[in-house]
Amino acid sequence: MFGNPSLITRIAIGKAVGFFFGLIGFISLPYFWPDVSLLLRVGILFWYTTLGAIIGVFGVITYHPVLRLPMPWWIRSPLIGGWMNFVLTFFAYDAMQILLISMFGYGGVISSPFWFVAEGAIIGLIMGYLTTHFGGEGKAIIQDRSI
């Protein structure tokens, strides 16, 4: 399974790592915010699973066609993770703000919900490393091996 580069392997590993981080959020969220809804907890679980799949799929792109720059995994994955958590922060700003205030207090150093962008970049970096290490990247993951 890990011997040949494969897009399916990349996506599966990305989803597994994303599910792991989502499960950490699902389990630990009530300890930080006791009144959290089950909907938000399940949403976090599915969000990181989907983020892992997206990072897995984007392993095909190793070159930016407009900027004409190489896109190695250590640039591509944190960029995608940070961007996706930036979008998540826009959709759930109030919930994220309540969570961080309950964790760090009002006016704390990390009380802004936009710290989730940095967290997404770090998780994206971990996902990118694992998917690239075990699943490969670039054109090699989409070549036809049936011939």
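Residues numbered from 1 in each chain as written. Predicted model: local features only at pLDDT ≥ 70, side-chain atom pairs only at ≥ 80, totals over all residues. Heavy atoms only, no water.

### Considerations on the layout of surface pockets
Put simply, the largest pocket is a space of about 460 Å³. What lines the largest pocket is a set of 19 residues, among which Leu99, Leu100, Met103, Phe116 and Glu119 lie closest to the centre. Counting residues per element, the ones that place at least two in the lining of the largest pocket are α1 (7-32), α2 (38-57), α4 (93-104) and α5 (115-135). The element contributing the most residues to the lining of the largest pocket is α1, with six residues. Residues belonging to the lining of the largest pocket are distributed by class as follows: 16 nonpolar, two polar and one charged. (1 Å grid on protein atoms, 1.4 Å probe; cavity = no way out; pocket = protein on both sides within 12 Å on 5 of 7 lines; lining within 4 Å. Points joined across faces, edges and corners; volume = space filled by probe spheres on them. Helix = DSSP H or I, 4+ residues; strand = E, 2+ residues; numbered from the N terminus. Nonpolar A, V, L, I, M, F, W, Y, C, P; charged D, E, K, R; others polar.)

### Some points on the nonpolar core
Counting 21 residues, the largest nonpolar core has Tyr48, Leu51, Met96 and Met127 as the members making the most contacts within it. Put simply, the parts of the chain that give this core at least two residues each are α1, α2, α3 (73-91), α4 and α5. Here this core gets six residues from one element, more than from any other, and that element is α2. (Core = buried A, V, L, I, M, F, W, Y, C linked by side-chain atoms within 4.5 Å. Buried < 20%, exposed > 50% of the residue type's maximum accessible area, 1.4 Å probe, protein only.)

### Points about the pattern of salt bridges
Across all of its chains, the model carries one salt bridge by this definition. Glu137 is the partner of Arg76 in a salt bridge, and the nearest nitrogen-oxygen pair spans 2.9 Å. Residue Arg76 is located in helix α3, and its partner Glu137 is located in the segment after α5; the two are separated by 61 residues in the primary sequence. According to the relative accessible area criterion, Glu137 is partly exposed, its value standing at 29%. (Salt bridge = Lys/Arg side-chain N within 4 Å of Asp/Glu carboxyl O.)

### Notes on α4
Compared with an ideal rise of 1.5 Å per residue, which puts twelve residues at 16 Å, α4 spans 16 Å between its outermost C-alpha atoms and is within 8% of the ideal. Among the residues of α4, those classed as buried are Met96, Leu99 and Leu100. For α4, the angular spread of the buried residues around the axis is 90 degrees, confining them to a single face. Contact partners of the buried residues in α4: α1, α2, α3 and α5. Directly beyond the C-terminal end of α4, a positive phi value near 85 degrees is found at Gly105. (Expected span 1.5 Å × (residues − 1). Arc of directions from axis to C-beta. Contact = heavy atoms within 4.5 Å.)

### Remarks on the packing of α1 against α2
Contact geometry of α1 with α2 gives a least axis separation of 7 Å together with a crossing angle of 155 degrees. The angle between α1 and α2 falls in the class roughly antiparallel. Judged by the twist between their axes, the crossing of α1 over α2 is right-handed. Here the contact of α1 with α2 is built from residues that sort into 16 nonpolar, seven polar and three charged. (Axes fitted to C-alpha atoms, helices over the stretch in contact; angles between N-to-C directions. Parallel < 35°, antiparallel > 145°, perpendicular 65-115°, else oblique. Left-handed = near helix turned anticlockwise from the far one by under 90°.)

### Remarks on the packing of aromatic side chains
For the coordinates displayed, the defined rule picks out seven aromatic pairs. Ring geometry for Phe20 versus Phe21: centroids 5.5 Å apart, planes at 65 degrees, classification edge-to-face. Measuring from centroid to centroid gives 4.7 Å for Phe86 and Phe90, while their planes differ by 75 degrees, and the two rings are edge-to-face. Taken together, the positions of Phe86 and Phe90, both in helix α3 and four residues apart, correspond to about one turn of that helix. A residue is classified by how much of its surface remains accessible, and Phe86, at 26% relative accessible area, is partly exposed. Residue classification places Phe90 among the exposed positions, given a relative accessible area of 54%. Among the aromatic residues, ring-to-ring pairing joins Trp83, Phe86, Phe90, Tyr93 and Phe114 into one connected group. Directly above the ring of Phe26 sits Arg41, whose terminal nitrogen or CZ lies 4.1 Å from the centroid. (Phe/Tyr/Trp six-rings, centres within 6.5 Å; stacked < 30°, edge-to-face > 60°. Lys NZ or Arg CZ within 6 Å of the ring centre and 35° of its normal.)

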